[in-house]
Amino acid sequence: MSDAQPNPQEMARYQRELNLLEQVHVALGTASKLDDFYLIAASMLVDPNAFGYSRAFILRYDERSRTFLGRVGLGVQTREEHERFRRNILEETLRLQELVDAIQQESPEPRAVQPLYDLRFHSLWIHLLQGSGDGEGLNDAFREVSVHREALGPDHLLERTAAGIRAQILNPGDAPLAGLEDFISCPCVVGRLMTRRGLHGVVVADRVYEDSPIDDEALYHFQWLVNHASVTLENVELVEDLTATTQRLQEVDRLKTNFLSIVSHELRTPLTSIVGFVHLLSDERVGPLTESQRDLLSRVSQHSGHLQNMVNDILEIAEVEGGGMVNVELAPVDPLGALLHVLPKVEARRGARNITIEPLLRGSVPMVWADESALERVFFHLLDNAVKFISNEGRVTVEFLVREGVLDIAIRDTGIGISQENLKGIFDHFYQVDFRLERAYGGMGIGLTVVKLLLDAMTGRIRVESTVGVGSCFTLTFPIVSDAARAVPK
Ligand code: ADP
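Residues numbered from 1 in each chain as written. Predicted model: local features only at pLDDT ≥ 70, side-chain atom pairs only at ≥ 80, totals over all residues. Heavy atoms only, no water.

An order of 8-10-11-13-12 is seen for the 5 strands of this open sheet, with the pairing classed as mixed. The open sheet has two edge strands, strand 8 (354-360) and strand 12 (461-467), and neither has a second partner. Adjacent strand axes in the sheet meet at a mean angle of 15°, parallel and antiparallel pairs treated alike. Across 7 bridges, strand 12 lies against strand 13 (residues 471-479) in antiparallel orientation. Note on strand 13: the bridge partner recorded for Arg463 is Thr475. (Pairing = 2+ DSSP bridges. Helix = DSSP H or I, 4+ residues; strand = E, 2+ residues; numbered from the N terminus. Axes fitted to C-alpha atoms, helices over the stretch in contact; angles between N-to-C directions.)

As a further point, take the nonpolar core. Among the nonpolar cores identified, the biggest contains 48 residues, and Phe379, Leu382, Leu383, Val396, Phe474, Leu476 and Phe478 are the most heavily contacted of them. At 9 residues, helix 9 (residues 372-388) tops the list of elements feeding residues into this core. Residues contacting Leu382, with those up to four places away along its chain left out, are Ile411, Leu448, Val451, Ile462, Phe474 and Leu476. Counting 33 residues, the second largest nonpolar core, distinct from the first, contains Leu28, Phe51, Ala218 and Leu225. (Core = buried A, V, L, I, M, F, W, Y, C linked by side-chain atoms within 4.5 Å. Buried < 20%, exposed > 50% of the residue type's maximum accessible area, 1.4 Å probe, protein only. Contact = heavy atoms within 4.5 Å.)

In this structure, Glu284 is a non-glycine residue whose phi angle is positive, near 60°. Here Glu284 is to be found in the loop between helix 6 (216-282) and helix 7 (291-321). Backbone geometry places Glu404, a non-glycine residue, at a positive phi of 30°. You can see Glu404 is positioned in the loop between strand 10 (393-403) and strand 11 (406-413).

The next thing to look at is the side chain of Glu399. Its place among the elements puts Glu399 in strand 10. The residues contacting Glu399, other than those within four sequence positions of it, are Leu360, Arg362, Asp408, Ile409, Ala410 and Arg412.

This part covers the packing of aromatic side chains. All told, the structure shown has 4 aromatic pairs when counted by the stated rule. Here the aromatic rings of Tyr61 and Phe68 are separated by 4.8 Å at their centres, their planes lie at 40°, and the arrangement is tilted. Each member of the pair, Tyr61 as well as Phe68, carries the same accessibility label: buried. Ring geometry for Tyr220 against Trp224: centres 5.9 Å apart, planes inclined by 40°, an arrangement best described as tilted. One end of the pair, Tyr220, and the other, Trp224, are both in helix 6, 4 residues apart, so they sit about a helical turn from each other. Given the relative accessible area of 40%, Tyr220 is considered partly exposed. A cation sits over an aromatic face here: Arg149 above Tyr61, 5.1 Å from the ring centre. (Phe/Tyr/Trp six-rings, centres within 6.5 Å; stacked < 30°, edge-to-face > 60°. Lys NZ or Arg CZ within 6 Å of the ring centre and 35° of its normal.)

All right, on to the pairing of strand 12 then. Residue alternation in strand 12 divides its side chains into a buried set, Ile462, Val464 and Ser466, and an unburied set, Arg461, Arg463, Glu465 and Thr467. A loop of 3 residues connects strand 12 with strand 13, the two strands running antiparallel in sequence, and Gly469 in this loop sits at a positive phi of about 85°.

Further remarks concern helix 1 (residues 8-29). In an α-helix, one turn spans 3.6 residues; hence positions three or four apart end up facing the same way. The end-to-end C-alpha separation of helix 1 is 31 Å, in line with the 32 Å expected for 22 residues at 1.5 Å each. Of all the residues in helix 1, the buried ones are Glu17, Leu20, Val24, Ala27 and Leu28. The arc that holds the buried residues of helix 1, viewed along the axis, is 110°, so those residues lie on one side. In helix 1, those exposed residues whose orientation departs by more than 90 degrees from the buried face are Pro8, Glu22, His25 and Gly29. (Expected span 1.5 Å × (residues − 1). Arc of directions from axis to C-beta.)

Bringing empty space enclosed by the protein into the picture now. To find leftover empty space, one rolls a probe the size of a water molecule over the atoms. A full pass over the atoms with the stated rule returns 1 cavity of 30 Å³ or more. The computed volume of the largest cavity comes to approximately 30 Å³. Lining the largest cavity we find Arg55, Ala56, Phe57, Phe183, Ile184, Ser185, Val204, Ala205 and Asp206. Contributing elements (two or more residues each) for the lining of the largest cavity: strand 1 (55-62) and strand 6 (198-206). Considered class by class, the residues forming the lining of the largest cavity number 6 nonpolar, 1 polar and 2 charged. (1 Å grid on protein atoms, 1.4 Å probe; cavity = no way out; pocket = protein on both sides within 12 Å on 5 of 7 lines; lining within 4 Å. Points joined across faces, edges and corners; volume = space filled by probe spheres on them. Nonpolar A, V, L, I, M, F, W, Y, C, P; charged D, E, K, R; others polar.)

What describes two packed helices is the angle between their axes and the distance between those same axes. Interaxial distance between helix 9 and helix 12 (residues 447-458) falls to 9 Å at its minimum, and their mutual angle equals 150°. If you check the angle between helix 9 and helix 12, you find them roughly antiparallel. In this structure, helix 9 meets helix 12 at a crossing whose hand is left-handed. Where helix 9 abuts helix 12, its residues Ala374, Leu375, Arg377, Val378, His381, Leu382 and Asn385 lie against Gly447, Leu448, Val450, Val451, Leu454, Leu455 and Met458. Taken together, the residues that form the contact of helix 9 with helix 12 break down as 10 nonpolar, 3 polar and 1 charged. (Parallel < 35°, antiparallel > 145°, perpendicular 65-115°, else oblique. Left-handed = near helix turned anticlockwise from the far one by under 90°.)

It is the contact of helix 8 (residues 335-347) with helix 9, at a shortest axis distance of 9 Å, that shows an interaxial angle of 45°. In terms of orientation, helix 8 lies oblique with respect to helix 9. Every pair of crossing elements has a handedness; the one defined by helix 8 and helix 9 is right-handed. Contacts between helix 8 and helix 9 involve Pro335, Ala338, Leu339, His341, Val342, Leu343, Lys345 and Val346 on the former and, on the latter, Leu375, Glu376, Phe379, Phe380, Leu383, Asp384 and Val387. When its residues are assigned to classes, the contact of helix 8 with helix 9 shows 11 nonpolar, 1 polar and 3 charged.

Looking at the element boundaries, Val365 is found in the loop between strand 8 and strand 9 (368-370). For Val365, a relative accessible area of 18% gives the class buried. Between the alpha carbons of Val365 and Val402 there is a distance of 8.1 Å; along the sequence they are 37 residues apart. What Val365 contacts, discounting residues up to four positions off in sequence, is Pro335, Leu336, Phe400 and Leu407.

It is worth spelling out the pairing of strand 10 at this point. Both strand 8 and strand 10 contribute to a ladder of 7 bridges, which runs parallel. Bridge pairing in strand 10 places Ile357 opposite Val396. Bridge count between strand 10 and strand 11: 8 bridges; the pairing is antiparallel. The residue of strand 11 that forms the bridge with Val396 is Asp413.

Pasting the structure below:
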């Protein structure tokens, strides 16, 4: 065997192929929408530095209606026009490049203008495709094409392309172009775009105003483009799908919140009446009660109180999601005062269980930047959980710790704890570690979501540590109001 060195001609060809491949890869990689993709792919084909065709376009295939659809450029009428357009475009491209270079020299983020330039560059080439058109807009010079597959014979250009893996050259008289004669001049080159979903469409390009023929090498490079384009297309489809799905989910989420909010409003009014009437009865304002009547009424009162909490929770989340947080205003707040304000409400939730709730104080507690009523709501939800997830007896403490300009507020309980795996999801809407558990402990998986949203609005932070069977610790962090800030008169 000989150690044959590639000759310079082969090396040059190899280099050109590498450049071409890189160009295809980079240009198509910038597409994130189908429209951009069509624009970029077609314009790369007519760019003389890449593939150098005279005209190129993509016809999409719609499986449901079994139709090839697209907007194709009619092309310029003469070779001279073609040359003139190309010259103009190259000049404009050069001017654009100079502009981009100038901006990049000044801009601290040099990459910022590049995608804009790329798109502008490709749309310039599309001008070449659209023809002269006497000052018409880009859209006017395009014509809608719609060809039903059923009407095509097996030899039709589109049918043959759709069925073949390999791209092919179509010579004059080779195959019927029925329905496409206005747009395609033979010889031309055609290839199909395939994605995981099936046939996406066909790419067509001709060299009617170019001197270089469509030979095997041109076909080989065209096949490259079609293969790469198919892979890129799949990414573009995936991105579009994901974006559409996300938008749909956001809409469903919004509708759900709206629905919950309406239902809760409707429930709140009759519930308030029920609670009010039960109080009237319990206070014996209507007449004396027997022991068993009193017992039954206390149960009605307990359950309706529970229902009221649930309704308030739902309304709270609807309010927070609907932008209710705009009312949050940061001001110096005394966190101990806010805590003491909330404690009686939480203590009432202990029921018959033996649970102590106490603040642990080491020196004075500084003022923090927060919103008073939002901070109280945060305290309420965290303490309510701490009490709720203690089975029979235990302890809840609130510790204040000053460090480097911030105040940590640690709410610690000796409850059932949360596993590492479940810690990740507890701030999500309606997330509950265990639905069966919730039957025992009550709640709807809303409290921590509200806490997170309120803290985000106040630029406070929260972290959680927990051990199953030992207890949990939720630590809030707020910036301390410095003496200097406090000295500034309002
Ligand atoms: P819920 O209304 O169910 O309490 P939250 O959003 O407040 O909803 O909490 C979500 C879930 O996180 C709870 O269902 C519970 O599983 C878990 N959790 C929250 N706080 C505690 C805690 N202090 N101890 C144990 N589990 C907790």
